[in-house]
Amino acid sequence: QTVRWHIELQPWASPTPSLNYEASRFLKYISTSQISCEHMNLNSLKGYSETTKKPWSICLDERFSLIHRIRSKQCRLYSLGLGNDDNQFEISMANSGCEVHRFDPSIKTAHIQEGRHLWYHRLSIDWRDPNPAIAAHKLHSSTKKLGTVLNEFGHQKIDVLKADVESAEWKILENLILEDVVEQIGQLVFEVHIHWPGFEVSGNDSTVVRYWYSLLRELELKDFRLFHTYKDLSKPQMFLKKEAFNASSCYTLSWVNTRWK
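The protein chain carries the name MET24 protein in an unreviewed UniProt entry, which gives Pardalotus punctatus as its organism.

Here it is as structure tokens:
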């Protein structure tokens, strides 16, 4: 298997590169569900009435594996975050019998277990592993690629990967696609930020949006389908630092891997 260094870029949305065309194609794409899902929260399981502050929607329809893996207590959630206090979703998943691993570089100890099913790890998931030659690569916090963590933990699969990583999501997603780690994941729930290009994403505005769009199309080629999209109107209405396109700066997107039965 050959190593890929770059994702396949989609053709431009228009004959000559244009931010307007790229933005409208991208925004339409992230606002349109590709597959319908009837049951999207844990309240549909018996005995749950908790509400989470954010719509971390997972698909619990019978045709996908997640609901069956929750029932058989074989489900695994990885949650990537940065000092986020709202962990209601993780707690609900742990209460339903899922093995939950939360990665957050701001916690105090390397590994903490809370209850039977919930672990906190002082680790930051990144799109590259630290360079051992650079002493300054944060002495206190560990940074690793998701594929590296899966290998170290001995995990073959993640049923749900939830990520709220404050604009690192584009490069992390790219890494998961390039290294085929995404194929080990059943559902993705990502908060995406579009008020600026994101960490280490370069190029002019139209190039950036084409790259974002191409990344999401790569997910589609890997049989992921978008089943829920949430536009966060509590966040500034900004698109690449412009008050235009009627976009929020933040969307929560949920995909299911339709290959996972």
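Back to the write-up after that little detour.
Chemist: Give me empty space enclosed by the protein: which residues, what numbers.
Modeler: Summed over the entire model, instances satisfying the criterion amount to one cavity of 30 Å³ or more. Forming the walls of the largest cavity are Phe64, Ser65, Leu66, Asp159, Gly186, Gln187, Val256, Asn257 and Trp260. Looking at the lining of the largest cavity, the elements with two or more residues in it are α2 (65-71), β8 (185-193) and β10 (250-257). For the lining of the largest cavity, the class distribution of residues is four nonpolar, four polar and one charged.

Chemist: Can you break down the state of the cysteines residue by residue, with the values?
Modeler: Per the counting criterion, the structure on display carries two disulfides. Linked covalently through their sulfurs, Cys37 and Cys59 form a disulfide whose S-S length is 2.1 Å. Across the disulfide from Cys37 to Cys59, rotation about the S-S bond amounts to roughly 105°, and the bridge is consequently right-handed. Pair noted here: Cys37 is in the loop between α1 (19-30) and α2 and Cys59 is in the loop between α1 and α2, with a separation of 22 residues, a long-range link. Paired by a disulfide, Cys75 and Cys98 hold their sulfur atoms 1.7 Å apart. Disulfide Cys75 to Cys98: torsion about the S-S bond roughly 105°, handedness right-handed.

Criteria and thresholds
Residues numbered from 1 in each chain as written. Predicted model: local features only at pLDDT ≥ 70, side-chain atom pairs only at ≥ 80, totals over all residues. Heavy atoms only, no water. 1 Å grid on protein atoms, 1.4 Å probe; cavity = no way out; pocket = protein on both sides within 12 Å on 5 of 7 lines; lining within 4 Å. Points joined across faces, edges and corners; volume = space filled by probe spheres on them. Helix = DSSP H or I, 4+ residues; strand = E, 2+ residues; numbered from the N terminus. Nonpolar A, V, L, I, M, F, W, Y, C, P; charged D, E, K, R; others polar. Disulfide = S-S within 2.5 Å.

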